[in-house]
Structures are given as structure tokens and as C-alpha cells.
Amino acid sequence: MFLENLHMFILLFYKLSLAVCRFYIMRLEDRPLSFRNITHHASVTQCLGSVGALPWYIGVARPSILKNDDEINESKGVVRSPAGHYYIPPSPEDIQVFRVEGPTFLKFEVGTWHSGPYFKEKTMDFYNLELSDTNVSFYICWTFLSLVCLGVHMFHECLIIFI
């Protein structure tokens with residue numbers, strides 16, 4: 001397991017070394033357990049973890065970027081992003097919500113839909129590793145017609161640990 005994590009860590013930093021990356025702490029306030037928007041980054045990955053050990057929640061859905069003409073022509077609900085790639089927006093039923101605790105660092109695969117972090121505390125600090133322009137050049141956001149509430153039935157224990 002350690003060697004697998006080390007290998008993932010080295011690959012991540014290799015990818016990040018091809019561009020200007022940033023590692024920073026962000027303080028978030030008032031993040032209730034519901035959301036209307038979900039985001040993906042079509043060309044880059046992103047990492048996120050909490051500074052403390054308090055529980056927090058993240059909603060994710062599988063990447064839905066379409067890579068070839070057959071997928072684009074045969075799929076329903078295809079959207080072309082401003083960046084030029086094609087994708088199928090997730091539905092609320094596609095979202096899995098994870099409860100994350102302790103010293104856990106999440107790495108999202110390229111194209112992973114994500115919303116959060118969300119938490120019950122007034123404020124929480126998170127560290128983020130991403131490209132310097134991730135939320136500008138690679139930011140695709142989908143807005144649901146109705147609010148998605150993070151109900152208890154949606155929670156899964158987070159087993160993704162990468163330190």
C-alpha cells in the first residue's frame with residue numbers, strides 16, 4: 001500500500017511539474033450540508049484535505065468527459081464546454097457523498113465531478129494542491145435545478161487515504 005501511494009504521489013507531482021502549481025490553506029465559512037453546483041476540471045487533477053481532524057463531507061460523481069466522436073454522437077444530454085471538450089452532466093442520483101475524517105488527503109482524478117467541502121462547524125481550514133489557474137482555465141460548473149441535500153442515506157465512509 002505504501003509503495004502504491006508513493007507511486008501515485010510521484011506521478012501527481014510529475015504532472016504538476018509541467019505547470020505552475022500552488023499549495024495553499026483556505027479558510028471556509030458557513031458551508032451547510034447542501035449544494036446546487038458541482039464542478040469538474042477536464043485537464044487537471046486536484047487534491048484537498050482538512051487541516052484539523054474534524055469531519056467534513058464531499059460530494060463526487062464519476063468523470064463524464066467524452067473522448068471520441070462515437071461517444072459524443074451516441075450519448076444523450078451531451079454538453080460542449082467553453083474549453084471545447086464534451087461531457088454529460090451528472091444527475092443528483094450519480095452523486096456519492098463521503099464523510100471524511102482525520103489526516104486524509106483526497107486526490108481527484110481528472111474530470112471527477114466534485115462539490116464541497118461541506119461541514120457542520122462555523123469555519124474550517126483546508127489545504128489545496130492544484131495548478132495556479134485550475135479554477136480559471138479548467139473550471140466547468142454544472143448547476144442543478146434543485147438543491148441537493150446531503151442526507152444521511154448518501155454518506156459513505158471515506159477510505160481514500162493518501163498521506
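Structure first, text after, so check above.
A quick note: this is a predicted structure, and the numbers were derived from the prediction, not measured. (Residues numbered from 1 in each chain as written. Predicted model: local features only at pLDDT ≥ 70, side-chain atom pairs only at ≥ 80, totals over all residues. Heavy atoms only, no water.)

Participant: Any chance you could break down the nonpolar core for me, citing the residues and the numbers?
Facilitator: Among soluble globular proteins, nonpolar side chains are generally buried collectively. Grouped together as the largest cluster of nonpolar side chains are 13 residues, with contacts concentrated most on L48, W56, I58, V100, F119 and F126. Of all the elements in the fold, those that place two or more residues in this core are strand 1 (21-29), strand 4 (56-61), strand 8 (96-100), strand 9 (105-108) and strand 11 (123-131). It is strand 4 that contributes the most residues to this core, three residues altogether. Excluding residues within four positions of it along the chain, F119 makes contact with L28, E29, D30, R31, P32, L33, P55, W56, Y57, M124 and F126. Ranked by size, the runner-up nonpolar core spans 12 residues in total, among them Y57, I95, W113 and F144. (Core = buried A, V, L, I, M, F, W, Y, C linked by side-chain atoms within 4.5 Å. Buried < 20%, exposed > 50% of the residue type's maximum accessible area, 1.4 Å probe, protein only. Helix = DSSP H or I, 4+ residues; strand = E, 2+ residues; numbered from the N terminus. Contact = heavy atoms within 4.5 Å.)

Participant: Which residues make up the sheet that holds strand 9, and what values go with them?
Facilitator: Taken in spatial order, the four strands of this open sheet run 1-11-3-9, and their pairing is antiparallel. Across the chains shown, the open sheet's two edge strands, defined by having one partner strand only, are strand 1 and strand 9. For this sheet, the mean inter-axis angle between neighbouring strands, taken without regard to orientation, is 20°. When strand 3 (residues 46-50) meets strand 11, the two strands line up antiparallel, connected through four bridges. Each residue of the ladder has a partner; that of S50, found in strand 11, is F126. (Pairing = 2+ DSSP bridges. Axes fitted to C-alpha atoms, helices over the stretch in contact; angles between N-to-C directions.)

Participant: Just give me the short version of the environment of D125, but keep the residues and values in it.
Facilitator: Assignment of secondary structure puts D125 in strand 11. On the accessibility criterion, D125 (22% relative accessible area) is partly exposed. For the pair D125 and I25, spaced 100 residues apart in the sequence, the C-alpha separation amounts to 6.5 Å. If we ignore the near neighbours within four places in the chain, the residues touching D125 are I25, M26, R27, S50 and V51. Within polar-contact distance, the side chain of D125 engages the side chain of R27 at 2.8 Å. (Polar contact = N/O pair within 3.5 Å; in protein donor to acceptor, adjacent residues only side chain to side chain.)

Participant: Give a description of the pattern of salt bridges that names residues and reports values.
Facilitator: With the rule as written, the count across this model stands at five salt bridges. Here D125 and R27 are joined by a salt bridge, their closest N and O atoms 2.8 Å apart. Residue D125 is located in strand 11, and its partner R27 is located in strand 1; the two are separated by 98 residues in the primary sequence. According to the relative accessible area criterion, R27 is exposed, its value standing at 58%. Close ionic contact of E101 with R99 constitutes a salt bridge, the shortest N to O distance being 2.0 Å. When its relative accessible area of 40% is taken as the criterion, E101 is described as partly exposed. Classification of R99 as partly exposed rests on a relative accessible area of 25%. (Salt bridge = Lys/Arg side-chain N within 4 Å of Asp/Glu carboxyl O.)

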